Amino acid sequence: MGKSTGDAMMLSVIICTSGKRERELGLLMEDIKTQNFPDHEVVLIKGVFPVGRARNLGIRKAMADIVLFLDDDARIDDPALFRKFFNACSRDQYSVFGAGRLGGNRLNFFQRLILTFIPRELIPPVTADTPSDLIATMCMGGQKRIFEGTPFDERITAGEDTKFRSAIRKKGFTTVLLANSYICHPPRKNIEDLIIQRIWYGRGISQLRFRGKKAPLPVKIGLIFYLALRFFFMPVHSFLPNLNSFIRKEEPLKPRFNPFYAFFDLFYAYGYVSNAV
């Protein structure tokens, strides 16, 4: 599915969908029609699992030299988004670009809580191209050859392939937030949906960590002990919401009272541990 004013396609937009979010996908397709960059195609990968395999299949089917990934529940209200990505990826062929992330309009009270208290649900747009670890396949583009040379892990069932970013950096590429660009990604609408999302995200990271296999018995015991500690020390985590990032040496410790995040992050830990044991 696509359109072009010339003989060659200039941008391939890859959307992977399970087929369970037809309404959201329909809204995204309507948004795409408003783009002022006509030389693009939409590569829709539907019902292919795991998600890593779907993403790699999208790369193989893409006709253009520049590709842009979009989540099936993303929304676009900037008619120049495709043009911005095409120009950036043409200008800098050694970077993978991502966009800022806003919540959109007409959010309910629970969705506004998520944007306030869950880290990385909201990524403000930047005014200049900025090296960043926050780019994600929710909206991410670059030269097709980069993705061909560093395919996504096909064992991951949900969430982000966090090893992809480190893998392309080792090959000399950079990850960059694109200036003056953003998409809208409404958070989950209720508690049940957010719990399910956090569990699946935890499972996805666990699959990357253990390469799709179960952990050895000593590691299983340690993980179960870790989950129990997370449960009993949730009050402590409520005051140190970025404790995990601090332990991974990603950012300094920032004390802040955030029981909302501590509660839902427990389900992320549960997903991680349950997949491994």
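Below or above, wherever it landed, is the structure these notes cover. All residue numbers refer to position in the chain's written sequence, counted from 1. Note on the predicted model: pLDDT of at least 70 is required for a residue's local features to be given, and 80 or more for side-chain atom pairs to be given and counted; whole-chain, interface and lining totals, by contrast, use all residues. As a rule here, side-chain values come from all non-hydrogen atoms in the structure, and water together with hydrogens is ignored.

A separate point is the pattern of salt bridges. Note on definitions: salt bridges are taken to be side-chain nitrogens of Lys or Arg within 4 Å of carboxyl oxygens of Asp or Glu. Under the criterion given, the structure shown has 14 salt bridges. One salt bridge in this structure joins Asp-73 and Arg-188, with 3.6 Å as the shortest N-O distance. In this pair, Asp-73 is assigned in the loop between β4 (66–71) and α3 (81–91) and Arg-188 in the loop between β8 (174–184) and α7 (191–209), connecting sequence segments 115 residues apart. Of the charged contacts in the structure, one is a salt bridge between Asp-129 and Arg-91, with a shortest N-O distance of 3.0 Å. Here Asp-129, found in the loop between α4 (109–117) and β6 (130–131), pairs with Arg-91, found in helix α3; they are 38 residues apart in sequence, far enough to count as distant. Helix numbers and strand numbers start at the N terminus; a helix is a DSSP run of H or I with at least 4 residues, a strand a run of E with at least 2.

This part is about empty space enclosed by the protein. Space inside and on the surface of the protein is sampled on a 1 Å grid over the protein atoms alone, with a cavity defined as a set of points where a 1.4 Å probe fits but cannot get out and a pocket as an open set with protein on both sides within 12 Å along at least 5 of 7 lines; lining residues have an atom within 4 Å of a point. Grid points are joined across faces, edges and corners, and a volume is the space filled by probe spheres set on the points. Inspection of every chain in the model, using the stated rule, returns 1 cavity of 30 Å³ or more. Lining the largest cavity, in full, are Ala-99, Arg-101, Ile-123, Leu-134, Ile-135, Ala-136, Met-138, Cys-139 and Ile-183. Among the residues making up the lining of the largest cavity, the classes are represented as 8 nonpolar, no polar and 1 charged. Classification used: nonpolar for Ala, Val, Leu, Ile, Met, Phe, Trp, Tyr, Cys and Pro, charged for Asp, Glu, Lys and Arg, polar for all others including Gly.

Cis peptide bonds are those with omega within 30 degrees of zero, and the linkage from Phe-49 to Pro-50 qualifies with -10°. Tracing the backbone through its elements, the reader meets Pro-50 in the loop between β3 (40–46) and α2 (51–61). Positive phi, close to 60°, is recorded for Arg-106, a residue that is not glycine. Following the sequence through the fold, Arg-106 ends up in the loop between β5 (95–102) and α4. Whether a residue is buried, partly exposed or exposed follows from its accessible area with a 1.4 Å probe, protein chains only, as a fraction of its type maximum: under 20%, in between, or over 50%, in that order. Arg-106 sits in the exposed class, given a relative accessible area of 87%.

Our focus in this paragraph is a nonpolar patch on the surface. Patches draw on residues past 30% relative accessible area with no salt bridge. Two like charges within 9 Å are joined, as are two nonpolar side chains (Val, Leu, Ile, Met, Phe, Trp, Tyr) within 5 Å. Per-residue and other accessible areas were derived by the Shrake-Rupley procedure at a 1.4 Å probe size, with only the shown protein chains allowed to occlude residues. Where nonpolar side chains cluster on the molecular surface, the patch consists of Phe-225, Leu-229, Phe-231, Phe-232, Phe-233 and Val-236 and spans about 650 Å² of accessible area. Among the elements that make up the nonpolar patch, the one with the highest residue count is helix α8 (residues 217–232) (4 residues). By secondary structure assignment, the location of Phe-225 is in helix α8. The class of Phe-225 is exposed, set by a relative accessible area of 54%.

Take the side chain of Arg-198 next. Counting through the fold element by element, Arg-198 comes out in helix α7. The buried category is assigned to Arg-198, whose relative accessible area is 8%. We call two residues contacting when some pair of their heavy atoms lies within 4.5 Å. Residues within four places of Arg-198 in sequence aside, it is in contact with Ile-118, Tyr-261, Phe-264, Asp-265, Phe-267 and Tyr-268.

Of all 5 residues in strand β7 (residues 139–143), 5 are buried, a share of seventy percent or more. What makes two strands pair is DSSP finding at least two bridges between them. As judged from the 5 bridges shared by β4 and β7, these two strands associate in the antiparallel manner. Note that in β7 the partner of Ile-66 across the bridge is Gln-143. Relative to β7, β5 runs antiparallel, the two sharing 2 bridges. Considered in β7, the bridge of Phe-97 is made with Gly-141.

In the contact formed by α8 and helix α11 (residues 259–276), the axes pass within 10 Å of each other and the chain directions differ by 165°. Relative to α11, the element α8 lies roughly antiparallel. Seen along the crossing, α8 lies across α11 with a hand that is left-handed. Contact residues: Lys-220, Leu-223, Ile-224, Tyr-226, Leu-227, Arg-230 and Phe-231 in α8; Asp-265, Leu-266, Ala-269, Tyr-270, Tyr-272, Val-273 and Ala-276 in α11. For the contact of α8 with α11, the residue count by class is 11 nonpolar, no polar and 3 charged. What counts as an axis is a line fitted to C-alpha atoms, over the stretch in contact for a helix, and the angles between N-to-C directions run from 0 to 180 degrees. Orientation is classified from the angle alone, with under 35 degrees giving roughly parallel, over 145 giving roughly antiparallel, 65 to 115 giving roughly perpendicular, and any other angle giving oblique. Left-handed describes a crossing whose near helix is turned anticlockwise from the far helix by less than a right angle; the clockwise case is right-handed.

Right, let's talk about a positive patch on the surface for a bit. On the surface, Lys-163, Lys-170, Arg-209, Arg-211 and Lys-213 cluster together into a positively charged patch. Along the chain, the position of Arg-209 falls in helix α7. In this charge count, Lys and Arg are treated as positive and Asp and Glu as negative; neither His nor the chain ends contribute. Just so you know, the charge point we use is NZ for Lys, CZ for Arg, CG for Asp and CD for Glu.

What follows covers the pairing of β3. Along β3, 5 of the 7 residues are buried, which leaves the element largely enclosed by surrounding structure. Across 7 bridges, the pairing between strand β2 (residues 11–17) and β3 is parallel. Opposite Ile-14, over in β3, you have Val-43 as the bridge partner.

Quick look at the packing of aromatic side chains now. Pairing of aromatic side chains requires ring centres within 6.5 Å, counting the rings of Phe and Tyr and the six-membered ring of Trp. Pairs whose planes differ by under 30 degrees are stacked, by over 60 edge-to-face, and all others tilted. Counting across every chain of the model gives 14 aromatic pairs. Ring geometry for Phe-152 against Phe-164: centres 4.7 Å apart, planes inclined by 25°, an arrangement best described as stacked. Of this pair, Phe-152 sits in the loop between α5 (144–149) and α6 (162–170) while Phe-164 sits in helix α6, placing them 12 residues apart in sequence. For the pair Phe-152 and Phe-164, one class covers both residues: buried. Centre to centre, the rings of Phe-260 and Phe-264 are 5.0 Å apart; their planes meet at 55°, and the pair counts as tilted. A residue pair is termed a helical-turn pair when its members lie 3 or 4 positions apart in one helix, as Phe-260 and Phe-264 do in helix α11 at 4 residues. Members of the aromatic cluster, joined through ring pairs, are Phe-110, Phe-117, Phe-260, Phe-263, Phe-264 and Phe-267. A ring is considered to have a charge above it if a Lys NZ or an Arg CZ atom is located within 6 Å of its centre and within 35 degrees of its normal. Sitting above the plane of the Phe-152 ring, Arg-55 keeps its charged end 5.7 Å from the centroid.

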